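Chain by chain, the residues run as shown.
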Amino acid sequence: MTRLTGRALRVTVFIGETDLWHRKPVYSEIVHRARKAGLAGASVFRGIEGFGASSLIHTQRLLSLSEDLPVAVVIVDDEDKVRAFLPQLDELVAEGLVILDDCEVIRYVGRGEADR
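These figures come from a predicted structure and were not determined experimentally.

Engineer: How should I be thinking about the sheet that holds strand β1 (residues 6–16) in this particular structure?
Structural biologist: Strand pairs in the sheet, formed through backbone hydrogen bonds, run parallel or antiparallel to each other. If you walk across this open sheet you meet the four strands as β4-β7-β1-β8, and the pairing is antiparallel. Lying at the two open borders of the sheet, with one neighbouring strand each, are β4 (42–46) and β8 (97–105). Pairwise comparison of adjacent strand axes, ignoring direction, gives a mean angle of 20° for this sheet. Of the pairings in the sheet, the one linking β1 to β8 comprises nine bridges and is antiparallel in character. Paired with R10 across the bridge in β8 is D101. Helix α1 (residues 26–36) contacts β1, β4 and β7 (70–77) of the sheet and is inclined by roughly 10° relative to β7. Packing of helix α2 (residues 79–92) onto the sheet brings it into contact with β1, β7 and β8, and relative to β1 it is tilted by some 20°.

What follows is the structure in structure tokens.
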């Protein structure tokens, strides 16, 4: 069980929904590698509209259906673990944006742990 409180580092990876790594979505590969690396957790959020370096707007609006909506993968853990994971992101993210933010974790409890 991972316990995480206090100062932490958040890495957010902005990529396209259709970005692939060996025929698998990049966001899924990031989540699976983060789990294998023992990071505290990872979540994927699908955007409803956005644009990146290409300035092409991707949206889910009916009149302009997009098959490549923006996706954000968010991982939070202590700084050493997150920084050790960054080389894997370098390998996986061919196009996109990776940002780091200092943050403070005030509560991190897995399901069922609060009742113990």
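Engineer: In this structure, what is going on with the pairing of β1? I would like to understand it.
Structural biologist: Judged from the eight bridges that link them, β1 and β7 form a sheet pairing that is antiparallel. When the sheet's bridge partners are listed, I15 is paired in β7 with V71.

Engineer: Would you mind going over the environment of D78 with me for this structure?
Structural biologist: Structurally, D78 can be placed in the loop between β7 and α2. Along the chain, D78 and A8 lie 70 residues apart, while their C-alpha atoms are 4.5 Å from each other. Sequence-distant contacts of D78, that is, excluding residues within four places in its chain, are made with L4 and A8. For D78, the side chain forms a polar contact with the main-chain nitrogen of K81, separated by 3.0 Å.

Engineer: What is the right way to read α2 from this model?
Structural biologist: Structurally, the α-helix is built with 3.6 residues per turn, so residues lying three or four positions apart point the same way. Taking 1.5 Å of rise per residue, 14 residues should cover 20 Å, and α2 covers 20 Å from first to last C-alpha, within 8% of that figure. Remark: the principal bend of α2, roughly 30°, maps to L86, with a proline, P87, within the next four residues. Residues V82, F85, L86, L89 and L92 constitute the buried set of α2. Here the buried face of α2 lies against β1, β2 (20–21), α1, β7 and β8.

Conventions we followed
Residues numbered from 1 in each chain as written. Predicted model: local features only at pLDDT ≥ 70, side-chain atom pairs only at ≥ 80, totals over all residues. Heavy atoms only, no water. Pairing = 2+ DSSP bridges. Helix = DSSP H or I, 4+ residues; strand = E, 2+ residues; numbered from the N terminus. Axes fitted to C-alpha atoms, helices over the stretch in contact; angles between N-to-C directions. Contact = heavy atoms within 4.5 Å. Polar contact = N/O pair within 3.5 Å; in protein donor to acceptor, adjacent residues only side chain to side chain. Expected span 1.5 Å × (residues − 1). Bend = angle between axes of the 7 residues up to and from the residue. Buried < 20%, exposed > 50% of the residue type's maximum accessible area, 1.4 Å probe, protein only.

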